[in-house]
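Examining the three-dimensional arrangement
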Amino acid sequence: MDYYFQTNLICKTNPALRFSKHQNSKTPASVNERMVLCLRKATPQFNISRVSISRLFSTILLTKPQLKTLILNQYSHGRFTHLIQNVVASPSFLLTACHNLNPNPNSSNSVWTQFSLTQMAQQLAKNQFDIKDCCFNVGGPHGEVLVLPNLKLKVLIEAIRIVLECVYDDRFVTFSYGGRVGMGRHTAVRYLKNSVENPSWWFTVCFDDVEFGFKNVDRLCLVLEKKIGDGVFVGMIRRFFEYGVVRIELGGFGLGRGFPEECGLSAILLNVYFDAFDKEIQELRLKTNMENPKVRVDDNVFHKPLKVYAVRYLDEILVITSGTKMLTMDLKHRILSFLENDLELKVDRVRSAIHSAANEKINFLGMEIRAVTPSFLHPPMSEKAMRAQKKYLRQKEVERLELRNARETRRKKLGMKIMSHVFKKLKRSDGFEFDYQIENEVAKLFRTWSSEVVEEFLGSIEERWSWHRKLTTGDFLSLKRIRDQLPQELVDAYDDFQYQVDKHLAPVKAKSALEEEERRVQEQEEQMYAERTVKDLTKLCIMVNAPIELIRKAVRLAGFTNNMGRPRPINSLMVLEDADIIKWYAGVGRRWLDYFCCCHNFKMVKIVVSYHLRFSCILTLAEKHESTKREAIKHYTKDLKFFDVDGTEEVHFPTEKEIKMMGDKNLSDPKPVDGALTVTLIRLASDEPLHRCIAHFCNRTDTIVYRIHLLQNIRHVNPRDAKKWVPGLGAVHESLNRKCIPLCSDHISDFYTGKLTFQDIDCTSFVDVDRVTAAAQRS
Ligand SMILES: [Zn+2]
């Protein structure tokens, strides 16, 4: 149903809303009142008197359907209008945005103490909100400047993001990942692994490392205006770009990593910008599917219809075809010219080369992707493994049998005990009268037992076979000379017995049944082998690997290992508390494990975390306390346990067992390790005056000031130098180096363990320690 029609219908059926519209024409109702009416419709139980509206309203948190209803209500004649005035400029909408920004919304209610949402809403409604006033310049020592929004502006940005998500998210194509609900990296990888069949040629689109220019911003605004008929709204986004609060750098490893330089709006704006491109590819795919329909063929003919696949994660684009190289080149030409001409983006044509899927691996999403045969991906069990499995099963069977025999023996002993007891009693009482005949009971019991035993033995072919062998071996009675000397009855009885044995234990039948079973197993194996071979010859699937060489290089760059690849201590961390050292290592390790859990060679990443990181941590602790590695392990154990101030045991580093059990289960979009690996926070030695914690909406003042140290500055490596730096590893902006941030104990812990990123702290509230100390010295 059309949105416009929907709203119209609501007005017709809801007298309260019609009344409000009518009233609007004379005296404009406040945004809050209009919203309440709107919400009443969304949730019928939402019914409060007008007097209490304003009081109640400041504490109402909107749910997702409520947000959606509010925004969809602004839809008329194909466009959304008055979004700032009627939606964003309301305290409850801003409050919802605040809660989205809060890393743990349950723990704090401090929104009101930092700034007034009501006042902010009024400013927005009158279009008097000063964006420039909320932008802060953070400068580095070499003149680099980064513009960051303060908390107030972050709330506005989040509110705008909610609106954009509501307007656009349902319209994006299925292969657009990143910055969307339930569409993260793991989902993209799962799509590649499960849905792409027979890839033959592929390419990734590489952008020249340039920022979104004015040209692009103009285009973006034009795209936005198609759906959003609110000049104030689009104007605000334009000003964000002008002031530098929103910066989009394509191909610069800065997106989706939780860096301070990335704005909350970047992802969704990028998705909006690329939507035309996505639609173009979608059309192309549909056209290819129409021209190459799937035809029904017999099992003996292999039919592979031509397919085009695409995955876009923010600014990373991968296109795969199952066709010829010529076709792929043609496709690439069309895609690149669309990006260059229609989207006005600069593409690096040399790096966007076409690769053969089967022979060359390609880098995408920080992982290595290759096309392999199914048996390479899931290799059949080796002879040795099969033998081991058989041996294990046999052992299990023997154990089971022994257990059963022991039980039988115990039961028999107990039965005999009871019997003798009853018998003794009977003897002593001399003719004690029973209600029933005990002999009959015993006979019945024995009958059932014996029939059970016989059934069990005759049920198994192998048992019958061995019984037959036992009963027929050593039959000297079949020798003629002996038979002649024996009485006729005995010989006859023997013959009869042998006949019965043959008849009932049927060795021929038993043997053939055994052979049949053997043949069946062999046939099954042969069939599986044939299937596997045919699949290998006709099918290719996608293998996703963690770039283990790059991870090793990153491990070396960060100082976890020496040039020989052996774990070593990291000197710069030794000034931290023991708990913080462990937490920092845990944060890096857990992020790596989380990021690569969908990879085929996840095992290798596990080794890096479980061995290199763990022992580097142990060595750092040992070096800090000037003890040996053995002593450190004795104190902290290999699981790196420690006790917090209250004496409770804490384990942050994943234990060896936990790592072993990890697998491809995580589906939420993982944060890459870059943000944790390239930053260390070092506690300041001097006593600072008390500052408020700068995590969003944290009111605690019992904070400690930490200084940010960036890896590129510790190692003196320029992140743009591909030879020395690890390709694909993003770096935090230079201007944040040596800045000081106050954090409370909870939030520093969250920051170390990776639960909190720079996105969740207010980077504009740095403490200028050097100036404070200089002032103190002067006075
Ligand atoms: Zn805090």
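Residues numbered from 1 in each chain as written. Predicted model: local features only at pLDDT ≥ 70, side-chain atom pairs only at ≥ 80, totals over all residues.

An unreviewed UniProt entry lists the protein chain under the name Nuclear intron maturase 3, mitochondrial, from Heracleum sosnowskyi.

Within the protein chain one finds 31 helices and 17 strands. Within the protein chain, buried positions represent 34% of all 779 residues. Across the protein chain, the fraction of contacts at a sequence separation of at least 24, relative to all contacts at a separation of at least 6, is 75%. (Helix = DSSP H or I, 4+ residues; strand = E, 2+ residues; numbered from the N terminus. Buried ≥ 20, exposed ≤ 12 C-beta atoms within 10 Å, placed from the backbone. Contact = placed C-beta atoms within 7 Å.)

Pairing in this open sheet of 3 strands is antiparallel, and the strands run β10-β11-β12 from one edge to the other. Two strands lie at the open edges of the sheet, namely β10 (362-364) and β12 (541-545), each paired on one side alone. With strand direction ignored, the average angle separating the axes of adjacent strands in the sheet is 40°. In terms of strand pairing, β10 meets strand β11 (residues 367-372) through 3 bridges, oriented antiparallel. If you follow N363 over to β11, its bridge partner there is E368. Strands β11 and β12 of the sheet are contacted by helix α11 (residues 185-195), whose axis makes an angle of about 145° with β12. (Pairing = 2+ DSSP bridges. Axes fitted to C-alpha atoms, helices over the stretch in contact; angles between N-to-C directions.)

For the rest of this paragraph, the subject is the environment of R532. Its location among the elements puts R532 in helix α22 (residues 507-538). The residues touching R532, leaving out its near neighbours within four places in the chain, are S375 and P380.

Another point: the nonpolar core. Counting residues in hydrophobic clusters, the biggest one holds 162 residues, and the most contacted among them are V88, A159 and V163. Looking at which element gives the most residues to this core, the answer is helix α10 (residues 151-168), with 11 residues. Sequence-distant contacts of A159, defined by excluding residues within four places in its chain, comprise V88, F93, L94 and A97. (Core = buried A, V, L, I, M, F, W, Y, C linked by C-beta atoms within 7 Å.)

Another point: the sheet that holds strand β8 (residues 316-321). Through backbone hydrogen bonds, the strands of a sheet pair up, either in parallel or in antiparallel fashion. Spatially, β5-β7-β8-β6-β9 is the arrangement adopted by the 5 strands of the open sheet, whose pairing is mixed. If you trace the sheet from one side to the other, it starts and ends with β5 (176-177) and β9 (355-356), each paired once. As paired strands, β5 and strand β7 (residues 308-313) are joined by 2 bridges and run parallel to one another. In the strand pairing of β7, Y177 is matched with Y313. Packed onto the sheet, helix α14 (residues 266-291) meets β5 and β7 and runs at close to 170° relative to β7.

Further remarks concern the environment of V223. Topologically, V223 is positioned in helix α12 (residues 214-227). Of the residues examined, V223 has 19 C-beta atoms within 10 Å and is grouped as partly exposed. Taking the C-alpha atoms as reference points, V223 and V272, 49 residues apart in sequence, are found 7.7 Å from one another. Apart from the residues within four sequence positions on either side, V223 is in contact with V272 and Y273.

This part takes up the pairing of strand β16 (residues 703-710). Relative to β16, strand β15 (residues 679-683) is paired through 5 bridges, and the arrangement is antiparallel. When the sheet's bridge partners are listed, L681 is paired in β16 with I708. By the bridge criterion, 5 bridges tie β16 to strand β17 (residues 740-744) in an arrangement that is antiparallel. Across the sheet, T703 pairs through a bridge with C744, a residue of β17.

Its 18 residues give α10 an end-to-end C-alpha distance of 25 Å, which sits within 8% of 26 Å, the value for a rise of 1.5 Å per residue. By the criterion of burial, α10 is predominantly enclosed, with 15 of the 18 residues buried. (Expected span 1.5 Å × (residues − 1).)

Let us now look at the environment of H612. As for its placement among the helices and strands, H612 is situated in helix α25 (residues 602-624). Sequence-wise, H612 and R568 are 44 residues apart; in three dimensions their C-alpha atoms are separated by 8.4 Å. Setting aside its immediate chain neighbours within four residues, H612 contacts V555, F560, T561 and P567.

Looking now at the packing of helix α24 (residues 578-595) against helix α30 (residues 745-753). Packed helices, taken two at a time, are described by their axes: the angle between them and the distance between them. Look at α24 against α30: their axes get within 6 Å of each other, and the N-to-C directions meet at 40°. On the basis of the axis angle, α24 is oblique to α30. The residues of α30 that touch α24, namely those facing D580, K583, W584, A586 and G587, are S749, Y752 and T753. Split into classes, the residues belonging to the contact of α24 with α30 amount to 3 nonpolar, 3 polar and 2 charged. (Parallel < 35°, antiparallel > 145°, perpendicular 65-115°, else oblique. Nonpolar A, V, L, I, M, F, W, Y, C, P; charged D, E, K, R; others polar.)

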